[in-house]
Amino acid sequence: PAKFQSVLCINSYSYGNVDCVAEWAKGAKIYFVHYDQRAIDMHKERVRELGLGERVEVWSDDMRESKLKDQTFDLVINDFRLNFNLDHEQNLAMLKEMWRVTKNGGEALISVVVDGRYEGEKYGVDQEKAPINLQKPGLFQADENLVRRCFPVPYYKKYLGKCGWEIVREFDIEGGNAWGG
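Residues numbered from 1 in each chain as written. Predicted model: local features only at pLDDT ≥ 70, side-chain atom pairs only at ≥ 80, totals over all residues. Heavy atoms only, no water.

1. A look at the sheet that holds strand β4 (residues 73-79)
Thought 1: If you walk across this open sheet you meet the 5 strands as β3-β2-β1-β4-β5, and the pairing is parallel. Of all strands in the sheet, those bounded by a partner on one side alone are β3 (56-60) and β5 (102-111). Recorded for the sheet is a direction-independent mean angle of 20 degrees between the axes of neighbouring strands.
Thought 2: As judged from the 5 bridges shared by strand β2 (residues 29-34) and β3, these two strands associate in the parallel manner. Counterpart to Ile30 in the pairing with β3 is Val56.
Thought 3: Running at roughly 155 degrees to β2, helix α1 (residues 15-24) makes contact with β1 (6-10), β2 and β4 of the sheet. (Pairing = 2+ DSSP bridges. Helix = DSSP H or I, 4+ residues; strand = E, 2+ residues; numbered from the N terminus. Axes fitted to C-alpha atoms, helices over the stretch in contact; angles between N-to-C directions. Contact = heavy atoms within 4.5 Å.)

2. Remarks on the pairing of β4
Thought 1: Of all 7 residues that make up β4, 6 are buried, and the element is covered over most of its length.
Thought 2: Across 4 bridges, the pairing between β1 and β4 is parallel. Residue Ile10 lies in a different strand from β4, and its bridge partner there is Asn78.
Thought 3: Looking at chain direction, β4 and β5 are connected through 6 bridges and run parallel. When the bridges of β5 are listed, Asp79 appears paired with Ser111.
Thought 4: Handedness of the β-α-β unit built from β4, helix α3 (residues 88-101) and β5 comes out right-handed. (Buried < 20%, exposed > 50% of the residue type's maximum accessible area, 1.4 Å probe, protein only. Right-handed = clockwise from strand over helix to strand, strands pointing away.)

3. Describing the packing of α3 against helix α4 (residues 153-162)
Thought 1: Where α3 meets α4, the closest approach of the two axes is 10 Å, and the angle between their N-to-C directions is 45 degrees. As judged from the angle between their axes, α3 and α4 are oblique. Every pair of crossing elements has a handedness; the one defined by α3 and α4 is right-handed. Taking contact as the criterion, the partners of His88, Asn91, Leu92 and Leu95 in α3 are, on α4, Tyr155, Tyr159 and Leu160.
Thought 2: Counted by class, the contact of α3 with α4 contains 5 nonpolar, 2 polar and no charged residues. (Parallel < 35°, antiparallel > 145°, perpendicular 65-115°, else oblique. Left-handed = near helix turned anticlockwise from the far one by under 90°. Nonpolar A, V, L, I, M, F, W, Y, C, P; charged D, E, K, R; others polar.)

This is how it looks when you write it as structure tokens:
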């Protein structure tokens, strides 16, 4: 946390994320961006409540066509935003924009819901065997009724690399361990 001077949080839709990121990255300037005005208003309200206005800002921005400057952030946190894109092209645009706004040597934390259709008899539980399938992402709908488009693990690995990112660590929260390892 001390090594990060500027942190970008993309797509946060949780009141508690302001609290958590501000506590975790105490010395950093933090920016929350979203394209949904409800999320922007919610985050601005929480920043005011916590008195964090000097080091936490909330902006409207669509990371598929971002207005943010090149190489601005030490850390970019993408909070499931890729799952709300409509297709592969929007995912690529977002990953490239994230790469563009991240400083050389910067890092990203990217969370995604993966396509669960490839866990079962045919593939076992090894997501590495799933086809990339650009045209038909799976759909996931949680309790809040937001529909997310999900690709399998090989898709995310391939296109993160094509957009410049190097995967340093992966974690499967449900399985409690790294995919394929």
